[in-house]
Structures are given as structure tokens and as C-alpha cells.
Amino acid sequence: MHTIAITNQKGGVGKTTITAHLAVGLANRGHRVLAIDLDPQGYLTRHFGLKEELYRGEIDNIALHLTNSGHGDPTDLIVTTDEDIDLVPSNYDMRGVADALSNARNRERRLQNVISALPGGSYDYVLVDSPPNLGVLTDNAILASRRLLIPIQAEDSSLDALEMALDEIEEIEAAFGIDVDILGIAPNLVPRDGVAESTLETIRSTPGLEELVLPYEIRKRADIKYAMRRGETLYAYNDDSDMIPVFDRLAADVERSVN
Ligand SMILES: Nc1ncnc2c1ncn2[C@@H]1O[C@H](COP(=O)(O)OP(=O)(O)OP(=O)(O)O)[C@@H](O)[C@H]1O
Ligand SMILES: [Mg+2]
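What counts and how
- Chains are numbered independently. Their residues run from 1 in the order of the written sequence.
- Written order determines the labels here, with chains lettered from A and ligands numbered from 1.
- Confidence filtering applies because this is a predicted model: local features only for residues at pLDDT of at least 70, side-chain atom pairs given and counted only at 80 or more, and all residues used for totals across whole chains, interfaces and linings.
- Calculated side-chain values reflect all of the structure's heavy atoms, with hydrogen atoms and water omitted.
- Runs of H or I in DSSP of at least four residues are treated as helices and runs of E of at least two as strands, each being numbered from the N terminus.
- Put simply, the radius of gyration uses C-alpha atoms, and a globule should come to 2.2 Å times the residue count raised to 0.38.
- Type-normalised accessible area, obtained with a 1.4 Å probe on protein chains alone, sets the label of each residue: buried when under 20%, exposed when over 50%, and partly exposed for intermediate values.
- Exposure was quantified through the Shrake-Rupley algorithm and a 1.4 Å probe, taking into account, for residues, occlusion by the shown protein chains and nothing else.
- Neither His nor the chain ends is counted toward charge; the positive residues are Lys and Arg and the negative residues Asp and Glu.
- Each charge is placed at NZ for Lys, CZ for Arg, CG for Asp and CD for Glu.
- To be near a molecule or strand, a residue needs just one of its heavy atoms within 4 Å of it.
- By the criterion applied in these results, polar contacts are pairs of N or O atoms within 3.5 Å in which, for protein atoms, one can donate a hydrogen and the other can accept it, and in which residues neighboring in sequence qualify only through two side-chain atoms.
- For this classification, Asp, Glu, Lys and Arg are treated as charged, while Ala, Val, Leu, Ile, Met, Phe, Trp, Tyr, Cys and Pro are nonpolar and the rest, including Gly, are polar.
- Directions are taken from the helix axis to each C-beta atom, and the arc is the one they span.
- In this scheme, patches are assembled from residues that exceed 30% relative accessible area and form no salt bridge. Like charges are connected within 9 Å, while nonpolar side chains (Val, Leu, Ile, Met, Phe, Trp, Tyr) are connected within 5 Å.
- What makes a salt bridge here is a side-chain nitrogen of Lys or Arg within 4 Å of a carboxyl oxygen of Asp or Glu, nothing more.
- Definition of nonpolar core: a set of buried residues of the types Ala, Val, Leu, Ile, Met, Phe, Trp, Tyr and Cys, connected through side-chain atoms within 4.5 Å.
- Contact criterion: two residues are considered in contact whenever any of their non-hydrogen atoms come within 4.5 Å of each other.

1. Here's the deal with the overall build of the chain
Reasoning step 1: Looking only at helices and strands, the chain has 12 helices and seven strands in total.
Reasoning step 2: Relative to a compact globule of 259 residues, whose C-alpha radius of gyration would be 18 Å, the chain shows 17 Å and is just as compact.
Reasoning step 3: Taken over the C-alpha atoms alone, the chain extends approximately 50 × 40 × 30 Å along its principal axes.
Reasoning step 4: For the chain, the proportion of its 259 residues judged to be buried stands at 55%.
Reasoning step 5: Of the roughly 11500 Å² that the chain leaves accessible, carbon and sulfur atoms contribute 44%.
Reasoning step 6: Here the chain contributes 24 positively and 43 negatively charged side chains, and the mean placements of these two sets differ by 2 Å.

In C-alpha cells:
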């Protein structure tokens, strides 16, 4: 079982979009995939068309499992989406988790414990969609996965955001004595204009990043937004989209990089 977190503390760069499409892309390659929505905003849950009933429901939910160690069997949290991806949905209660954990023991290891309580061998990939900030939830995502995919948007502020993300990863590596593997930095929302292209070139030629930035981009496509609004991925919404082969390639690259 390979656990991968999709992280970047910068908001709106495509973490949730990439988590959803990578989940379906990996499933299409024959893998059993579990997606975990660790963002209190619950956008991944909504992306799979499941928002209201589960997110607003006062039911057993991931927040309880993160705040109370040994709360119960996390398998009970899993729902299957219309696109046949297993999902641990977010919940409104996730808003209080960072505060609730602020002085708790092992607060950064809660997700790791939840994932290791899942029945062994049931999934090939666990994908964790992270919230847009550095904090205990993102730390939990990094510690539970140790493999990261970092979406970026090709704009001037991306380099600063990336540096901050890489610093945080180094701090976590040092604090917990672990190695974190960056599978790739994925450029997303790339418009067809010279500015984005030249920004990407700068990022790609920055020492330390050359090897990490994927050699292809996810372009800005209205269909991606429309699909999300309908609670679907492009795979369900418009299989003819020119971004489908790109998401397929991402899934193939992720598969290769973990093996
Ligand atoms: N390649 C793309 N083309 C067009 N729209 C996109 C693309 N990628 C993402 N979007 C849209 O941009 C918005 C932000 O994307 P997304 O929610 O995936 O980012 P995020 O990093 O998860 O955001 P947050 O930080 O709030 O969690 C969404 O409305 C999404 O549908
Ligand atoms: Mg998101």
C-alpha cells in the first residue's frame, strides 16, 4: 500500500483536482484506491458528488478518529463514490481538529494511526488531499504518507510557496527522523500565454527543482471546473478532454515512481 499526500499550503493550486483525477487514473490502471479528504472545506468530498449528506451529517467521521485515538474502526468511514473510488469524506467537524490537537500527544501521527488501522492489503494507493495551510493537518498528511505530490500554479508567487513547502518538509524530516520523497511537482492551471511558460521555465531551471518538476503540464480547462461543479471528474464528465491523457500520464508516472 502506497500512501501519497497531495500538498501545497498555497490555496487553489489544484490539490483537490489532482487528488480526484489521480485517484480515477490509478483505478483505471487496475489499482484499488482510497482517497482521504483531510481538508475541513470538504472539496474532495464534493468533487465526488458527496458533499452535503456526509459533510453535514452528525455521524461518525474522520474528525472523531483523529482527535480520539482508538475511536473505532476507520473502515466504517469509507464510502464508495459514483466513480468507484473509495473515499473517507471530510466533515464539518474537521474545522475544530487543529485546535483540538494543539496540545495532544502524538498529534502529528493521528492520520498515520488511522491509516494503519485499515485492513492491510485492501488498497494499492491511499491518496490524501491536504488543506491549504501549514499546520497539524498537513503535518499529519506528510507524516502518514512520506510521499508527496506538489501541485503548483505557474505564477510568480509559486517559487516562494514552493520554498516554504520544501522548508516545512525538511523540518518534518528533521523533527521526526524520517525521509520524505517528493514524487513530483505538478504544474497545473497553465494558461496558453507566454508569461506562464516563462515562469515555468524559471521554476524548472531552479537548482534543486529541475528533477522534481514534471516535464508536462495540466492546462487550464473550463471543463475541469464544470466537472468539479457537477461532482465529477473529467473521466466521467468529458472523456474526450485533451487533459485526460495528461492525467493518465500522471497516474503512470506516480505508479512508476513508487515502485
Ligand atoms: N487545470 C484546471 N483548469 C481549470 N480549472 C481548474 C484546474 N485545476 C483546478 N481548477 C479549478 O480551480 C479551483 C481550485 O482548484 P482545487 O480546488 O483543486 O485547488 P486546491 O489546491 O485543492 O484548493 P484549496 O487550497 O482551496 O484546497 C477549483 O475551482 C478547480 O475546479
Ligand atoms: Mg483542495
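Right, picking up where we left off after that structure.
2. Description of the site of ligand 1
Reasoning step 1: What surrounds ligand 1 is a group of 20 residues, the closest being K15, T16, T17, R219 and R221.
Reasoning step 2: G12 has a polar backbone atom sitting 2.9 Å from an oxygen atom of ligand 1.
Reasoning step 3: In the model, an oxygen atom of ligand 1 is placed 2.8 Å from a nitrogen or oxygen of the T16 side chain.
Reasoning step 4: For ligand 1, whose accessible area on its own is 620 Å², the fraction buried by protein is 88%.
Reasoning step 5: Among the elements of the structure, α1 (15-28) and α10 (222-229) are those that each provide at least two residues to the shell around ligand 1.
Reasoning step 6: A class-by-class count of the residues in the shell around ligand 1 yields six nonpolar, seven polar and seven charged.

3. Quick notes on helix α9 (residues 194-204)
Along an α-helix, residues three or four apart share an orientation, since each turn contains 3.6 residues.
Reasoning step 1: Turning to α9, its buried residues are A196, T199, L200 and I203. Projected down its long axis, α9 shows its buried positions confined to an angular sector of 100°, all on one face. Facing away from the buried side of α9 by over 90 degrees, the exposed positions are G194 and E201.

4. Observations regarding a negative patch on the surface
Reasoning step 1: A contiguous patch of negative charge, built from D160, E163, D167, E170 and E171, is present on the exposed surface.
Reasoning step 2: If you trace the backbone, E171 turns up in helix α8 (residues 158-176).

5. Here we look at the nonpolar core
Reasoning step 1: Formed by 40 residues in total, the largest nonpolar core has its most connected members in I36, L66, L111 and I185.
Reasoning step 2: Going through the elements one at a time, β2 (33-37), α4 (62-67), α6 (110-116), β5 (125-129), α7 (136-145), β6 (147-153), α8 and β7 (181-188) are the ones with two or more residues in this core.
Reasoning step 3: With six residues, α7 is the largest single contributor of residues to this core.
Reasoning step 4: In contact with L66, other than residues within four places in its own chain, are L38, M94, V97, L101, R110, L111, V114 and L137.
Reasoning step 5: Within the second largest apolar cluster, 35 residues are counted, among which are I6, I18, L149 and Y216.

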